[in-house]
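As a plain string of letters, each chain reads:
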Amino acid sequence: MVTIQKRMGKVGNPAMEFKFETQGKEKEEKEEKEEVKKETSIQGKEEIDMGMPKVDVEEFKIPQDAEDEIKDESEGALKVGIMGGGQCGGRIVESFYALGYKKALVYNTTAQDSCSIPNFLDLKIEGQPGGAGKNMKVAEQALRDHEDEVYNEMTRIFGQVDHILVCAGLGGGTGGGTIRGVLELGKRYMKYIGWEDPEKRVGAVVTLPTAGEANSPIVSANAYDMGTALSEMADKEEISPLIVVDNDKVKKLYAGLTIAKFFPTINNTIAQLFHVFNWISQGESQFVTFDSTDFMTVLKCGGHLIMGVTVVEDYKAKTGISSALRSNLTKTLLATDFDLKTAKVAAVVTVVGKKITEEVEGLMDNIEYGFDTIANFTGKAIVHRGIYADEERDNVCVYTMISGLSAPTKRYDRLR
Ligand SMILES: Nc1nc2c(ncn2[C@@H]2O[C@H](COP(=O)(O)OP(=O)(O)OP(=O)(O)O)[C@@H](O)[C@H]2O)c(=O)[nH]1
Ligand SMILES: [Mg+2]
C-alpha cells in the first residue's frame, strides 16, 4: 500500500498541498547492499591481481562512469530528463528540479536571466548579450551554433532516462526558436542510449501567452507559428506528449494571484501535477493502483496532453464526486479549447484522506461514478484509474491527465 506522507514541500496550488513518504530506509538498505557488493568485488580483484595480464587502456579513466552520473532524486517510476530554453523554459525546469528531477539542463541566449540550475548553457549570440529579443530565427541559429555543446551536456547529465521533456514559453525568441532543434537532439539522444521508439519518448511542455501579451503582434505571431508547428508534430506522433499550459486560462482560473506569484504558481503546478502521476505510479495502492505502465501509455500515445486538479467538497453524496468533476473538469484543466472527445488515454488518480477512507460509507461507489464521468467526457479514451489514501489530508482530490488530444485549433485561431 502506498500511504502518501511527508516528502513534498508546500506548494502554490492549495489543492496540491500533500506530502509524500520518504523512502529513506529502502534507499539506505540498497546503498548498504551496494557497499557490500563493492567490497566483495575489490577483494575479488586483489585475489586475481597476481600475475594477471593487463591491457594498456585500463589505465584510462572513462569520463562518464556510473559514479559521475547525475542521480535522479524524484523517486518517480520513470527517470525523466528535463530541459528548457529561454526564461520561461528555464523556470519550468527549476520547478521540476526542486522536486528532485536533477537530470536537468537549462540553456539560454543570454546569461542575464537568473537561473538556479547548476547545469546552464549559454548559447551566446555574437554582439547580442541580451538574447534573441523575441526573434525565433536568431535563436534557432544560436542553437545550431551550439548544438554539439547541448548534446554533450545531455550525455553528461542524463545518462539513462525513460523520457525527455523540453520546456519553453511560446511567444518569445529563445524558448520557441530552439525547441524544435532541441526535440530533435533529444530524439537522437534517446536512440543513442538504446530506445527503439525515440519519438514516443521525447515530449514538450509549452505555455501559451495571456491575451494581454498576445496584443503584441510579435508575441502572438511567434506563439501561433511555433504552437501550430509543434501541434502538427504531436498529431503526427513525431513527439510525445505535447503538454500545453495556457497562461491565459490559468490567469482566469486563479484570478486572485498576485503578479509575483503568477508564474511561480503555474510553473510549480505543471511540475507538481506531472510529479503526482510519476511518483504515485512507482508503488502499489491498497485500493486501485495506477502503475508505471499506465503512466507510460499516457505519455507515449502522441498528440496533446492537458492536466488539472479538482478538490471535491461534497464527497459524501452519492453523485458528489461525479457532479464536481462534471462541473469542474473543463474549468480546472490548465488549458482550453481541446476537444476532450479526441482523447486517446486518460489518467485519473483520486487521493482521499485516510480517515475518510475509513469513515465514509459508499465512497468507493462515489469514486466509481466519478471515473465514469471522465470516461463519458473523453469518449473512447482508455481511462487508467488510481485510488490512494493520504494520511495528511482531510479531503478528496482528483488529479487528471488527458492525452492523445488533437490540436486546439480554436485557441490558435485566437492568436492569429
Ligand atoms: N508559465 C510561465 N510562462 C512564462 C514564464 N516566463 C515567461 N512566460 C511566457 O513565455 C513567453 C515567452 O517569454 P520568455 O520565456 O521570457 O521568452 P524567451 O524564450 O526567453 O525569449 P527571448 O527573451 O525573446 O529570447 C511569455 O510571453 C510568457 O507568456 C514563466 O515563468 N512561466
Ligand atoms: Mg529571454
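In this report, we go over the structure that sits alongside the text.

Calculation criteria
- Residues numbered from 1 in each chain as written.
- Chains lettered and ligands numbered in written order.
- Predicted model: local features only at pLDDT ≥ 70, side-chain atom pairs only at ≥ 80, totals over all residues.
- Core = buried A, V, L, I, M, F, W, Y, C linked by C-beta atoms within 7 Å.
- Buried ≥ 20, exposed ≤ 12 C-beta atoms within 10 Å, placed from the backbone.
- Helix = DSSP H or I, 4+ residues; strand = E, 2+ residues; numbered from the N terminus.
- Domains from an automatic or database assignment.
- Near = placed C-beta within 6 Å.
- Nonpolar A, V, L, I, M, F, W, Y, C, P; charged D, E, K, R; others polar.
- Contact = placed C-beta atoms within 7 Å.
- Axes fitted to C-alpha atoms, helices over the stretch in contact; angles between N-to-C directions.
- Parallel < 35°, antiparallel > 145°, perpendicular 65-115°, else oblique.
- Left-handed = near helix turned anticlockwise from the far one by under 90°.

### Things to note about the nonpolar core
What tends to happen in soluble globular proteins is that the nonpolar side chains get buried as a cluster.
Line of reasoning, step 1. The biggest cluster of nonpolar side chains holds 108 residues, and the ones touching the most others in it are Val166, Ala204, Ile306 and Val349.
Line of reasoning, step 2. When residues in this core are grouped by element, the largest group, nine residues, is from helix H8 (residues 259–280).
Line of reasoning, step 3. Here this core spans two domains, and each of domain 1 (80–240) and domain 2 (290–405) adds at least three residues to it.

### Overview of the site of ligand 1
Line of reasoning, step 1. The environment of ligand 1 is made up of 24 residues, and the closest members are Gly86, Cys88, Gly169, Gly172 and Gly175.
Line of reasoning, step 2. Elements supplying a minimum of two residues to the shell around ligand 1: helix H2 (86–98), helix H5 (174–192) and H8.
Line of reasoning, step 3. Here the residues of the shell around ligand 1 sort into seven nonpolar, 14 polar and three charged.

### Some words on the environment of Leu185
Line of reasoning, step 1. Among the structural elements, Leu185 can be located in helix H5.
Line of reasoning, step 2. Note on Leu185: 21 C-beta atoms within 10 Å, which makes it buried.
Line of reasoning, step 3. The spacing of Leu185 and Val150 is 35 residues in sequence and 8.3 Å in space, taken between C-alpha atoms.
Line of reasoning, step 4. With residues near it in sequence (within four places) discarded, Leu185 still touches Glu147, Val150, Tyr151 and Met154.

### Considerations on the packing of H2 against H8
Line of reasoning, step 1. Contact pair H2 / H8: the axes reach a minimum separation of 8 Å and the direction vectors enclose 55°. Considering their axes alone, H2 and H8 lie oblique with respect to each other. Handedness of the H2/H8 crossing: right-handed. Contact with H2, carried on its side by Arg91, Ile92, Ser95 and Phe96, involves Phe263, Asn267, Asn268, Ile270 and Ala271 of H8 and no other residues of that element.
Line of reasoning, step 2. Classifying every residue of the contact of H2 with H8 gives five nonpolar, three polar and one charged.

Shape is all these values report; function is a separate question.
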